[in-house]
Amino acid sequence: MIWKIALRNIIKNARRSITTALAIGIGGLAALLFGGFVTSIWYGVQTSMIQEQGNLQIYRNGYLEFGAANPDAYTIQNWDQVAALLAADAMLAENLSVITPRIDLAGVAGNAETGNSKTFIGTGIVPSEVDQMRGWDGWSIGQTGTVTGLAAGGSDSVIVGLGMARMMGMCEALAVPNCQDAPIVEEDLTGEEQDFSALVEEEGGLGDQGAGASKPQLNVMAATSAGVPNIARVGIEAAQAQSVRAIDNSFVMMHFEQARSLLYGDSQEATALMLQVVDPAMVDAVKTRVVEVLNGAGLDLSVYHLTEVDPTFDRIFGMFSFIFVVVAIVLSIVIVFTIVNTISMTIVERVKEIGTIRALGFRKGFVRALFLTESTLIGVIGAAVALGGAIIVSNMVNAAGLQWTPPSNATPLTVQLMVLDNPIFAAAVVGTLIAIAFAAAVLPTFKAARLNIVESLQRA
Amino acid sequence: MNTLNDPQSFAYDQTAGPILSAAAEPAVSFENLSKTYRMDRIEVPALRGVSGQIERADTTFIKGPSGSGKSTLLNLLGLLDRPTGGQLTILGEDVTRLSDRAAADFRAQHIGFVFQGFNLIPVLSVRENVEFPLLNRKMSAAARKDRAMEYLDAVGLSEFVDRRPGEISGGQRQRVAIARALVSEPSLVIADEPTANLDTKTSREIVDLMDRVRTELNTSVVICTHDTDLITPDSSVIHIIDGQTAKE
Ligand SMILES: Nc1ncnc2c1ncn2[C@@H]1O[C@H](COP(=O)(O)OP(=O)(O)OP(=O)(O)O)[C@@H](O)[C@H]1O
Ligand SMILES: [Mg+2]
């Protein structure tokens with residue numbers, strides 16, 4: 001009967017009920033869509049990063065803390081044996097799809113033809129294995145990365161950032177879109193750079209390696225672990241945009257073997273081992289197992305989760321979560337005021353009815369229940385509007401195939417509003433809407449229940 | 001004045017033992033009841049020590065000029081308000097200072113109300129309005145419905161059960177209200193100006209109806225009215241003037 005009274009009063013005051021339910025519905029819709037976007041960021045950005053770096057990374061102890069100052073002191077020795085050790089473990093063999101080494105390096109790169117030169121930061125990777133990592137889609141969100149473009153080229157091929165290509169005066173040679181070569185100003189070369197060019201001339205034999213002759217050539221120089229400068233001539237396969245401008249301006253990606261021999265000669269050293277886990281749900285278990293294996297072998301190595309190494313994901317997700325919380329609070333306040341207003345109006349209109357109900361022997365709790373039911377029902381209707389609307393709008397947006405580039409990415413992702421893909425979140429929003437509708441009515445209903453019976457009955 | 005001569009007829013309240021055993025007592029007795037309304041600093045003495053009794057299964061009229069305190073007295077008798085002083089006993093129980101909750105429970109068990117403005121719940125059908133007080137009882141929905149139909153039949157409204165209060169006449173509404181007041185089978189029915197919104201003919205019918213169900217159900221009925229023509233000859237009358245009982 002309480003439900004009947006509540007529902008019929010909602011219908012009786014249709015306009016007011018619809019306005020209130022719409023306020024709840026639109027607020028909930030906004031929360032669901034924004035949450036769907038944040039969800040897609042959570043999956044999308046992590047997927048991009050896992051495609052790029054793997055889920056877990058192994059470093060020499062202390063590298064993350066002190067390695068930047070002296071990278072060569074914190075390399076993984078005999079990385080190939082460490083990789084073999086991990087691959088030999090049954091649990092890891094089953095759960096890891098890729099174990100691949102990486103070298104981070106920095107040095108000076110010069111355009112062999114123009115004489116332009118500048119510092120570079122680079123990475124040496126095994127192209128075929130990184131290409132395999134970029135195909136990872138552990139959450140089945142249909143997001144695949146592009147291949148490195150290094151696998152096809154010879155072992156001396158490299159990829160550079162667009163900015164790097166521009167500064168090295170290679171826009172035309174690399175057919176970089178929207179890029180014009182900076183004017184070549186020979187006079188700008190510092191003495192040091194001229195020395196470097198001269199050094200290349202001296203070495204002579206570096207040039208014209210393999211099929212790289214037709215590609216633009218680059219001389220890369222880096223300090224070996226012994227502190228001696230070492231030089232390699234490489235062919236630029238392509239220029240690719242990088243996410244961060246500063247990196248894009250100095251990025252060089254080369255074959256692992258190239259980087260390794262440049263820095264470490266015959267020694268099997270690597271900066272990191274990147275591990276890709278087939279099922280993202282298994283990451284923690286895999287990490288635990290890796291720790292066991294490394295410690296069992298008495299190795300001075302640690303394994304880190306992607307987010308421990310690279311704070312980008314936590315920052316992006318943290319930022320959007322913060323925005324979501326702020327938006328949700330504002331929406332909640334609007335909803336609370338709307339409901340308080342609606343229920344208070346209903347109560348004022350029904351003071352005499354309240355007096356009658358109390359006179360008929362119903363306790364205060366019944367009066368509260370009556371109006372709380374009404375408010376909760378409006379909340380349920382509003383939540384249904386929110387959920388239905390969110391499903392419709394998200395399908396429309398997803399079908400439109402909008403693109404956006406998260407701060408961590410060089411290439412855009414397709415906007416996917418994941419509303420029902422995150423059922424816990426959707427249920428939480430729906431539950432919260434109903435809970436707010438209920439809670440907002442509590443105070444007005446307490447006032448209603450406390451009304452003086454005689455005075456209420458005297459109302460017209 | 002009617003006297004109570006058939007205690008066996010109190011079949012409607014099996015739960016309240018003391019009430020049966022005290023059957024010879026009046027349904028309601030009040031001693032030196034007073035009520036002072038306080039509006040800011042001004043005190044309005046609406047009742048200044050009234051005493052009297054409502055006999056069981058009797059119809060008692062309360063009459064008096066406007067503003068004399070009739071409604072105030074009825075509100076006290078119906079446990080809708082608390083007296084400032086004096087003592088009130090209903091069905092042998094001292095109810096002068098019941099808590100809000102105990103008063104509600106007492107009303108639900110023992111008191112029915114008929115209001116001047118009918119006070120039906122507009123969104124409920126006639127039948128649902130009559131069923132409504134039974135929500136306070138542990139009854140199945142089917143039993144509630146049957147009981148409501150029984151009482152609607154008694155007030156001659158079986159044909160209108162599915163209508164809303166807005167779709168029937170004033171007299172019919174007051175019949176629904178009477179059915180609602182009686183459906184929980186109270187010992188005491190309180191009606192403050194139940195006919196004030198009705199024409200003379202309908203008013204007569206309503207008072208006769210209440211008188212009839214009173215005899216059938218052995219309920220005490222207290223009716224407050226301006227209209228002395230409505231007072232049935234063999235009923236009791238309490239005359240209030242200026243917050244005090246007047247000698248006839
Ligand atoms: N809530 C209230 N606050 C203050 N004074 C009140 C209140 N209710 C009634 N009074 C006063 O108490 C006195 C008695 O009022 P009451 O309503 O009992 O009279 P009544 O006999 O029922 O009158 P009527 O025949 O007009 O209904 C009046 O002077 C009235 O103004
Ligand atoms: Mg009155």
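Everything numeric here is computed off the predicted structure, so don't read it as measured data. (Residues numbered from 1 in each chain as written. Chains lettered and ligands numbered in written order. Predicted model: local features only at pLDDT ≥ 70, side-chain atom pairs only at ≥ 80, totals over all residues. Heavy atoms only, no water.)

Participant: Explain the packing of aromatic side chains residue by residue, including any values.
Facilitator: Residues and elements named next belong to chain A. Tallying each qualifying case throughout the model produces 20 aromatic pairs over all chains. Centroid distance Phe-37 to Phe-320: 5.8 Å. Interplanar angle 85 degrees. Geometry classified as edge-to-face. Of this pair, Phe-37 sits in helix α2 (residues 14-53) while Phe-320 sits in helix α14 (residues 312-349), and the two are 283 residues apart along the sequence. Relative accessible area serves as the criterion here: at 16%, Phe-37 is assigned to the buried category. Classification of Phe-320 by relative accessible area gives buried; the value is 9%. Arranged with centres 6.0 Å apart and planes meeting at 85 degrees, the rings of Phe-320 and Trp-404 form a pair that is edge-to-face. Pair noted here: Phe-320 is in helix α14 and Trp-404 is in strand β12 (residues 403-404), with a separation of 84 residues, a long-range link. The burial state of Phe-320 is the same as that of Trp-404; both residues are buried. Each member of the aromatic cluster is reached from another via a ring pair, and the members are Trp-42, Tyr-43, Trp-136, Trp-139, Phe-313 and Phe-317. Sitting above the plane of the Phe-446 ring, Arg-368 keeps its charged end 4.4 Å from the centroid. (Phe/Tyr/Trp six-rings, centres within 6.5 Å; stacked < 30°, edge-to-face > 60°. Helix = DSSP H or I, 4+ residues; strand = E, 2+ residues; numbered from the N terminus. Buried < 20%, exposed > 50% of the residue type's maximum accessible area, 1.4 Å probe, protein only. Lys NZ or Arg CZ within 6 Å of the ring centre and 35° of its normal.)

Participant: Describe in detail the interface of chain A and chain B, supporting the description with residues and values.
Facilitator: How big an interface is tends to be expressed through the accessible area that disappears when the partners come together. With 21 residues of chain A at the interface, the matching set in chain B holds 26 residues. Together chain A and chain B conceal approximately 2,300 Å² of surface at their shared face, both sides included; 62% is due to carbon and sulfur atoms. Interface area lost by chain A to chain B is led by Met-1, Leu-360 and Arg-363 of chain A, which between them contribute 28%. In this structure, the connection of chain A to chain B is made through 4 salt bridges. Residue Asp-105 of chain B is joined to Arg-363 of chain A by a salt bridge in which the shortest nitrogen-to-oxygen separation is 2.5 Å. Connecting chain A to chain B are 10 residue pairs in polar contact (both at pLDDT 80 or more). Listing elements by their share of the side of chain A that touches chain B, those giving two or more residues are α1 (2-12), α15 (351-359), α16 (364-400) and α18 (453-458) of chain A. Among the elements that take part in the side of chain A that touches chain B, α15 of chain A stands out by supplying 6 residues, more than any other. Residues that form the side of chain A that touches chain B fall into these classes: 10 nonpolar, 3 polar and 8 charged. (Contact = heavy atoms within 4.5 Å. Buried area = accessible area lost by both parts, 1.4 Å probe. Salt bridge = Lys/Arg side-chain N within 4 Å of Asp/Glu carboxyl O. Polar contact = N/O pair within 3.5 Å; in protein donor to acceptor, adjacent residues only side chain to side chain. Nonpolar A, V, L, I, M, F, W, Y, C, P; charged D, E, K, R; others polar.)

Participant: Can you explain the domain arrangement of chain A? Please cite residues and give values.
Facilitator: All names here are of chain A. As assigned here, chain A comprises domain 1 (2-46 + 314-458) and domain 2 (101-277). Just the C-alpha atoms count here: the centres of domain 1 and domain 2 sit 54 Å apart. With 10 residues of domain 1 at the contact, the number on the domain 2 side is 6 residues. Summed over both partners, the interface of domain 1 with domain 2 comes to about 660 Å²; 69% of that surface belongs to carbon and sulfur atoms. Our enumeration of links across domain 1 and domain 2 arrives at 0 salt bridges. The interface formed by domain 1 and domain 2 includes 1 residue pair in polar contact (both at pLDDT 80 or more). Sort the elements by how many residues they give to the side of domain 1 that touches domain 2 and α2 lands first, with 4 residues. The residue inventory of the side of domain 1 that touches domain 2, partitioned by class, reads 6 nonpolar, 4 polar and no charged. (Domains from an automatic or database assignment.)

Participant: Before we move on, could you go through the site of ligand 1 and cite the residues and values that matter?
Facilitator: Close contacts around ligand 1 come from 15 residues, with Ser-66, Gly-67, Lys-70, Ser-71 and Thr-72 of chain B the closest. Close to ligand 1, residues of chains A and B are found. Lys-70 of chain B has a polar side-chain atom sitting 2.7 Å from an oxygen atom of ligand 1. In this structure, an oxygen atom belonging to ligand 1 sits 2.5 Å away from a side-chain N or O atom of Thr-72 of chain B. Relative to its free-state accessible area of 630 Å², ligand 1 is covered by the protein chains to the extent of 71%. Among the secondary structure elements, those contributing two or more residues to the shell around ligand 1 are β1 (28-39), β2 (42-54) and α2 (70-77) of chain B. Ranked by residues supplied to the shell around ligand 1, first place goes to α2 of chain B with 3 residues. Considered class by class, the residues forming the shell around ligand 1 number 5 nonpolar, 8 polar and 2 charged. (Near = heavy atom within 4 Å. Areas by Shrake-Rupley, 256 points an atom, 1.4 Å probe, with all protein chains shown as cover.)

Participant: So what's going on with helix α5 (residues 141-154) of chain B? Residues and values would help.
Facilitator: Residue and element names in this part refer to chain B. Taking 1.5 Å per residue as the helical rise, α5 with its 14 residues ought to reach 20 Å, and the 20 Å between its terminal C-alpha atoms agrees with that figure. Within α5, the full set of buried residues consists of Arg-144, Arg-147, Ala-148, Tyr-151 and Leu-152. Relative to the axis of α5, the buried residues are bounded by an arc of 135 degrees and lie together on one face. In the core, the buried residues of α5 are packed alongside α4 (126-131), α6 (170-183) and α7 (200-217). In the segment just after α5, Gly-156 is the residue with positive phi, at about 75 degrees. (Expected span 1.5 Å × (residues − 1). Arc of directions from axis to C-beta.)

Participant: Requested: an account of the pattern of salt bridges, with residues and values cited.
Facilitator: Tallying each qualifying case throughout the model produces 25 salt bridges over all chains. Measuring nitrogen to oxygen at the nearest pair gives 3.8 Å for the salt bridge that ties Arg-144 of chain B to Glu-131 of chain B. On the criterion of sequence distance, the pair formed by Arg-144 of chain B in helix α5 and Glu-131 of chain B in helix α4 is long-range, its members being 13 residues apart. Glu-131 of chain B gets classed as buried once you look at its relative accessible area, which sits at 6%. One connected set of salt bridges, linked through shared partners, spans Lys-4 and Arg-8 of chain A together with Glu-128 of chain B.

Participant: Let's hear about the sheet that holds β2 of chain B: which residues, and what values?
Facilitator: Residues and elements named next belong to chain B. Reading across from one edge, β2-β1-β4-β5 is the order of the 4 strands in this open sheet, with antiparallel pairing throughout. The sheet is open, and its two borders are formed by β2 and β5 (93-94), each paired with just one other strand. Of the pairings in the sheet, the one linking β1 to strand β4 (residues 85-90) comprises 5 bridges and is antiparallel in character. Looking at β4, one finds that Val-28 is bridged to Ile-90. Packing of α2 onto the sheet brings it into contact with β1, β2 and β4, and relative to β1 it is tilted by some 115 degrees. (Pairing = 2+ DSSP bridges. Axes fitted to C-alpha atoms, helices over the stretch in contact; angles between N-to-C directions.)

Participant: Just give me the short version of the nonpolar core, but keep the residues and values in it.
Facilitator: In this structure, Leu-32, Ile-339 and Ile-357 of chain A together with Phe-132 of chain B are the most contacted members of the largest nonpolar core, which totals 58 residues. Elements that contribute at least two residues to this core include exactly α1, α2, α14, α15, α16 and α17 (423-450) of chain A. Element by element, the count of residues in this core is highest for α2 of chain A, at 11 residues. Apart from residues lying up to four places away in sequence, Ile-339 of chain A is in contact with Thr-20, Ile-24, Ser-375, Ile-436, Ala-437, Ala-440 and Ala-441 of chain A. (Core = buried A, V, L, I, M, F, W, Y, C linked by side-chain atoms within 4.5 Å.)

Participant: Please give an account of the sheet that holds strand β8 (residues 220-224) of chain B that cites residues and values.
Facilitator: Reading across the sheet, the 6 strands line up as β6-β7-β8-β3-β9-β10 (chain B) and stay open at both edges, with mixed pairing between neighbours. Both outer strands of the open sheet, β6 (111-114) and β10 (244-245) of chain B, are each paired with one neighbouring strand and no more.

Participant: Just give me the short version of the packing of α5 of chain B against α6 of chain B, but keep the residues and values in it.
Facilitator: Each pair of packed helices can be summarised by the angle the axes make with each other and by the distance between the axes. Residues and elements named next belong to chain B. As a packed pair, α5 and α6 sit with axes 9 Å apart at the nearest point and diverge in direction by 130 degrees. In terms of their interaxial angle, α5 and α6 are classed as oblique. Here α5 and α6 pass one another in a crossing that is right-handed. Contacts from Arg-147, Ala-148, Tyr-151 and Leu-152 of α5 reach α6 at Ala-179, Leu-182 and Val-183. Here the residues of the contact of α5 with α6 are counted per class, giving 6 nonpolar, no polar and 1 charged. (Parallel < 35°, antiparallel > 145°, perpendicular 65-115°, else oblique. Left-handed = near helix turned anticlockwise from the far one by under 90°.)

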